[in-house]
Amino acid sequence: MTIHIGAKPGEIAETVLMPGDPLRAKWAAETFLENPVCVNEVRGMLGYTGTWRGNRVTIHGSGMGMPSLSIYANELIRDYGAKTLIRIGSAGAMQEKIKLRDVVLAMTSSTISTPSKGFFRELNFAPCADYDLLEAANAAAKSKGISTHVGGIYSADVFYDERPDLNEQMTRHGILAVEMEAAELYTVAARYGCRALAVLTISDHLLTHEALPSEDRQSSFSDMVEIALEAAFPSA
Ligand SMILES: O=P(O)(O)O[C@H]1O[C@H](CO)[C@@H](O)[C@H]1O
Ligand SMILES: O=c1cc[nH]c(=O)[nH]1
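Small disclaimer: the values here were computed from a predicted structure and weren't measured.

Caption draft 1: Local environment of the overall build of the protein. Tallying secondary structure elements over the protein gives eight helices and nine strands in all. Taking 236 residues into account, the globule formula puts the C-alpha radius of gyration at 18 Å, and the protein, at 16 Å, falls close to it. Counting only C-alpha atoms and orienting by the principal axes, one finds that the protein spans roughly 45 × 40 × 30 Å. Taking all 236 residues of the protein together, 53% fall into the buried category. In the protein, once contacts between residues fewer than 6 apart in sequence are set aside, the share between residues at least 24 apart is 77%. For the protein, the separation between the mean place of its 21 positive charges and that of its 29 negative charges on side chains is 3 Å.

Right, dumping it as structure tokens:
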């Protein structure tokens, strides 16, 4: 057990899928895993371990924002031995060509700040995805015919953004989408020699102001869960 995770030693798999929403962890585990067992309920941050095509997988919530994700990623890696961490999140599109329900694979993520910024000091560390995971996820998405975009995203610290000028610059520089966790996931994974990727579903559009109705969100997330599992276990 750790301060934030109640799982016993051995109850967390080396491969962990991390949605922001703990109820998405429950839904994904019950929908995609065989024999899912709840291994964490501390603070309502649900985590489940089961198998997918014979491979052990944990699906564990990260909470919203980089400080929350950082707590869970650190404990999953340092205390439970997680080696591959794949975020399965929602994101807001920042390019016209990207549509609702499209999938974005984050090659890298720009930020104003991450919880790791303090010790990087003057260095602008460039968080990046694990290449093998990225390539496998792209192949899985293509084989399913899912509309997918690969490139840079923005991990924001705030959901209610007061900097339209900054968003304009990111759109201008090709940033695909905004979410709130990937940069810290990539940074913590890099620190401990782990593999990480963010697979994102577009839930709303910053340019067109369209949004998925809340009742459609969960069903629209199936593609990204399947892509994440196939990326983690490409030969399964
Ligand atoms: O759908 P999740 O994974 O929570 O991700 C996105 O949704 C939340 C904001 O509504 C933030 O966590 C953002 O990154
Ligand atoms: O962080 C997020 C997630 C979805 N949509 C947004 O605009 N921001």
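Caption draft 2: Quick look at the pairing of strand β7 (residues 148–155). Most of β7 is tucked away, with six of its eight residues classed as buried. In this sheet, strand β8 (residues 177–179) lies alongside β7 in parallel orientation, the contact comprising two bridges. Bridging from a neighbouring strand, Y154 pairs with V178 of β8. For the crossover from β7 across helix α5 (residues 164–172) to β8, the handedness is right-handed.

Caption draft 3: Inspection of the nonpolar core at higher detail. Counting 69 residues, the largest nonpolar core has L17, L197, V199 and V225 as its most contacted members. Sorting elements by how many residues they give to this core places helix α8 (residues 222–232) first, with seven residues. Counting six residues, the second-largest nonpolar core is a separate cluster that includes M94, Y154, I175 and V178.

What counts and what doesn't
- Residues numbered from 1 in each chain as written.
- Chains lettered and ligands numbered in written order.
- Predicted model: local features only at pLDDT ≥ 70, side-chain atom pairs only at ≥ 80, totals over all residues.
- Heavy atoms only, no water.
- Helix = DSSP H or I, 4+ residues; strand = E, 2+ residues; numbered from the N terminus.
- Rg over C-alpha atoms; globule rule 2.2 N^0.38 Å.
- Buried < 20%, exposed > 50% of the residue type's maximum accessible area, 1.4 Å probe, protein only.
- Contact = heavy atoms within 4.5 Å.
- Lys, Arg positive; Asp, Glu negative; His and termini not counted.
- Charge placed at Lys NZ, Arg CZ, Asp CG, Glu CD.
- Pairing = 2+ DSSP bridges.
- Right-handed = clockwise from strand over helix to strand, strands pointing away.
- Core = buried A, V, L, I, M, F, W, Y, C linked by side-chain atoms within 4.5 Å.

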